[in-house]
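Single-letter residue listing:
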Amino acid sequence: MASDFTQQIRQKAIELLENGTVECVIGYETGSDGIGARPAFIYDAAEADRLVFDNTCTHNLVKYLLNKKGKSTAVVVKGCDSRALNLLLNEKQIERDKAFVIGVVCPGIVEWGWNKRSQRLQKRCDWCRQHTPVVSDFMVGDPVTEQPPAAFADIVEAEAKTAEERASFWQQHAERCIRCYACRQACPGCYCTDCFAESLDPEWVGIRIAPAESQMWNTIRAFHLAGRCISCNECERVCPVKLPLSLLNRKLEQKVLELFDYKAGMSEDAPAPLITFKKDEKLGIAE
Amino acid sequence: MTKTLSKNELESWLANILKERTLVAPRRVDDLTLFLPVHSTDEIAFDCSNTDLSPKDWFFPRTEALFTAEHKDDDIEITPAVIEQETVIFGIRPCDAKGIAILDGPYLGDPADSLWAQHRAKTTMIGLSCSTPAPQCFCTSMGGAPYDSSSVDILLTEVDDGYAVETVTEKGETLIQGVELKESDVSGSVPSCDAQVPAEGIAEAVKKAFDDPYWGRLADRCLHCNMCAYVCPTCYCFDIRDRTEGGKIERLRTWESCQSKGFTKIAGGHDPRADKGSRLRQRFCHKLLYFPEQFGPLGCVGCGRCVVSCPVNIDIREIISDIQELGAKVGEGSN
């Protein structure tokens, strides 16, 4: 018997496809190992029974809306994912009236990988303060009261290190990076048609898959997400060599909150501070 | 009679090897297991399953200079790259070794790739049979076996009190010279890899399913990162670019993948594989149709790395099954 969340999502999908509100429902289905979820694209109401929702539904499906421009599409979002919708709406990448948002009050996602599943929640779910989607057209589950912001012990620990220790920490990780760009491809905030990392002229980052270039790549990507990262942590999850990318993202998130009192993706009409300019804005950080 | 080596004898043999050569073996780094140079046998993860990245880095490095060029007396001096270091890879699995061996097809054909040839000549592979194949493994379906010695120089198979040793090539003979092997009547349990992937006749099925909307639907899910290609022991595409530093030019070759946007973009901006579906199809057509047509074996050895690593579960085993079904349907339709 499918869970209540799964049932509600399936029913809504059938309704939306049958009445022609959308041409595709992007949700989750069970993957090839029979254990974990994977993204599913449902075009036909008869296939809606493939849809599931459980605590392995980790992927941020908002990313896929970028491939569905101009097409009416329904998407299943958790709390964190929903912030990506606002990010893309703020940045005029998607149209609100083309997206039907099936919001799911997130029960928390467990650590899992292909053919293995633990009962432990993912790290990002410990930090998460957005279980209830901030935008939805149909809500699955009852909204919950969110906890106060989490303290990031690993950032405190990283900052307690000397500059040399930190440099060596990142150097060691950069040696592992294979520049497969999975972090970028999974990230809803990375949608440039021509990414700086692959630009030939100017060549911002050299072609080598080597520590210097990898550090450059990961650092610039993190900066491009300053005030834009919505903490879904998909970049870190998909990394095949397990780079601790969210250390950078969360540090920048903290900084943006402190400097601009801003959290990405919380509303549809509040673009990121670093891509806006106000006439009376103070210029320069050192005053 | 089987020739055997105890665990201690193996370790002292490896310790001797690393005095003279670079010894590359599976090593644990944080939560990963990777083929890396080791400085002492203590660093070797003897009990690991398939490493997270394939050992192809040691034959086809992620980045490698083909040659360097610099100005010398009003002329340009070009220095081709030369591989001098002798390397021994310990603990390579039969599937990974086969992945390297089948790349001799594209890389040693005429004209041979000089760097590939040098890496092959300078590297000796001590293989390790898989006593417990991982759940994602499907080597037997792709023409391999957990104890296949055909692509290594020496194959070790775990037995009760050490390892059974099979010396396969002359290079292997040379490496093991001087090591005293015991004669024993033990035989290693013959491991099996139970996964059944219907790869028989897959090339024909891929041809039939070439124009099926299947690929487009599958590409809906694919993120089009390069991960599957980079973890794969048999993906061998590369990009080439020059890099200048201090008046010296290096012509670099780096890993590249047919999944990345612009991989086939040509001068003038045209891209014959601009849509995601045809990019994804290319990966499977290359492995299951073009590679066997050109070089004989399938371009997949069943190591299962892409199955485990793919963040959105693009599973080659499932795709092979689907394509067989689609191919069969097309076959029926044409009759």
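Student: Before we go on, may I ask you to explain the overall build of chain B in this structure?
Tutor: Across its full length, chain B holds 11 helices and 12 strands. For chain B, the C-alpha radius of gyration of 22 Å lies close to 20 Å, the compact-globule estimate for 335 residues. Taking the principal axes of its C-alpha atoms as reference, chain B extends roughly 65 × 60 × 40 Å. Here chain B holds 335 residues, and the buried ones make up 44% of them. Of the contacts formed within chain B by residues at least 6 apart in sequence, a portion of 71% connects residues at least 24 apart.

Student: Where do I start with the overall build of chain A in this structure?
Tutor: Within chain A, the regular secondary structure consists of 9 helices and 7 strands. A globule of 287 residues ought to have a C-alpha radius of gyration of about 19 Å, and chain A, at 20 Å, matches this closely. With the C-alpha coordinates aligned to their principal axes, the bounding extent of chain A is approximately 55 × 50 × 45 Å. Looking at chain A as a whole, 43% of its 287 residues are labelled buried.

Student: Would you take a moment to explain the interface of chain B and chain A for this structure?
Tutor: Every contact between the two is made by 32 residues of chain B and, on the other side, 25 residues of chain A. Breaking the side of chain B that touches chain A down by element, the ones donating at least two residues are helix H7 (214–221), helix H8 (227–231), strand E11 (238–245), strand E12 (248–255) and helix H10 (305–309) of chain B. Across the side of chain B that touches chain A, the residue classes break down as 13 nonpolar, 7 polar and 12 charged.

Student: Explain the pairing of strand E4 (residues 99–104) of chain A here, please?
Tutor: Regular strands show a simple pattern: their side chains alternate between the two faces of the sheet. All names here are of chain A. The buried fraction of E4 amounts to 5 of the 6 residues, a majority that puts the element mostly inside the structure. When strand E3 (residues 73–77) meets E4, the two strands line up parallel, connected through 5 bridges. Each residue of the ladder has a partner; that of Ala74, found in E4, is Phe100. Handedness of the crossover is the feature at issue here: the chain leaves E3, passes through helix H2 (residues 79–90), returns alongside E4, and the resulting connection is right-handed. Note: E4 against strand E7 (residues 138–140), 3 bridges, orientation parallel. Each bridged residue has a counterpart across the sheet, and for Val104 the counterpart in E7 is Val140.

Student: How should I be thinking about the domain arrangement of chain A in this particular structure?
Tutor: Reports often express the size of an interface as the amount of accessible area lost when the parts come together. Residue and element names in this part refer to chain A. Here the domain parsing of chain A yields domain 1 (4–140) and domain 2 (153–275). Using only C-alpha atoms to locate each centre, domain 1 and domain 2 end up separated by 24 Å. Domain 1 puts 20 residues into the contact, and the matching count from domain 2 is 19 residues. Among the elements that take part in the side of domain 1 that touches domain 2, H2 stands out by supplying 9 residues, more than any other.

Student: What am I meant to see in the domain arrangement of chain B here?
Tutor: All names here are of chain B. We note that the domain assignment places domain 1 (2–184) and domain 2 (202–334) within chain B. Here the C-alpha centre of domain 2 lies 26 Å away from the C-alpha centre of domain 1. Contacts between the two partners involve 33 residues from domain 1 and, on the opposite side, 28 residues from domain 2. At 9 residues, the largest contribution of residues to the side of domain 1 that touches domain 2 is made by strand E4 (residues 63–72). Among the residues forming the side of domain 1 that touches domain 2, the class breakdown is 16 nonpolar, 11 polar and 6 charged.

Student: Help me out: how do you make sense of the nonpolar core in this one?
Tutor: The tendency in soluble globular proteins is for nonpolar side chains to be buried side by side. Judged by nonpolar contacts, the single largest core of 98 residues is most densely connected at A:Ala182, A:Cys183, B:Ile89 and B:Val206. A per-element tally of this core places helix H9 (residues 276–295) of chain B first, with 6 residues. If near-sequence neighbours (up to four positions away) are discounted, A:Ala182 is found in contact with A:Val238, A:Cys239, A:Pro240, B:Leu223, B:Cys225, B:Met227 and B:Pro311. Counting 48 residues, the second largest nonpolar core, distinct from the first, contains A:Ile42, A:Ile102, A:Cys229 and A:Ile230.

Student: Even after reading the chapter, I still don't get helix H9 (residues 245–260) of chain A, so can you show me in this structure?
Tutor: Because an α-helix completes one turn every 3.6 residues, residues spaced three or four positions apart along the sequence face the same direction. Residues and elements named next belong to chain A. Between its first and last C-alpha atoms H9 spans 23 Å; for 16 residues at 1.5 Å apiece the expected length is 22 Å, and the two agree. Considering only its buried residues, H9 is in contact with helix H4 (153–159), helix H6 (182–186), helix H7 (211–224) and helix H8 (234–238). Looking one or two residues past H9, Asp261 carries a phi angle of roughly 50 degrees, positive in sign.

Rules and cut-offs
Residues numbered from 1 in each chain as written. Chains lettered and ligands numbered in written order. Predicted model: local features only at pLDDT ≥ 70, side-chain atom pairs only at ≥ 80, totals over all residues. Helix = DSSP H or I, 4+ residues; strand = E, 2+ residues; numbered from the N terminus. Rg over C-alpha atoms; globule rule 2.2 N^0.38 Å. Buried ≥ 20, exposed ≤ 12 C-beta atoms within 10 Å, placed from the backbone. Contact = placed C-beta atoms within 7 Å. Nonpolar A, V, L, I, M, F, W, Y, C, P; charged D, E, K, R; others polar. Pairing = 2+ DSSP bridges. Right-handed = clockwise from strand over helix to strand, strands pointing away. Domains from an automatic or database assignment. Core = buried A, V, L, I, M, F, W, Y, C linked by C-beta atoms within 7 Å. Expected span 1.5 Å × (residues − 1).

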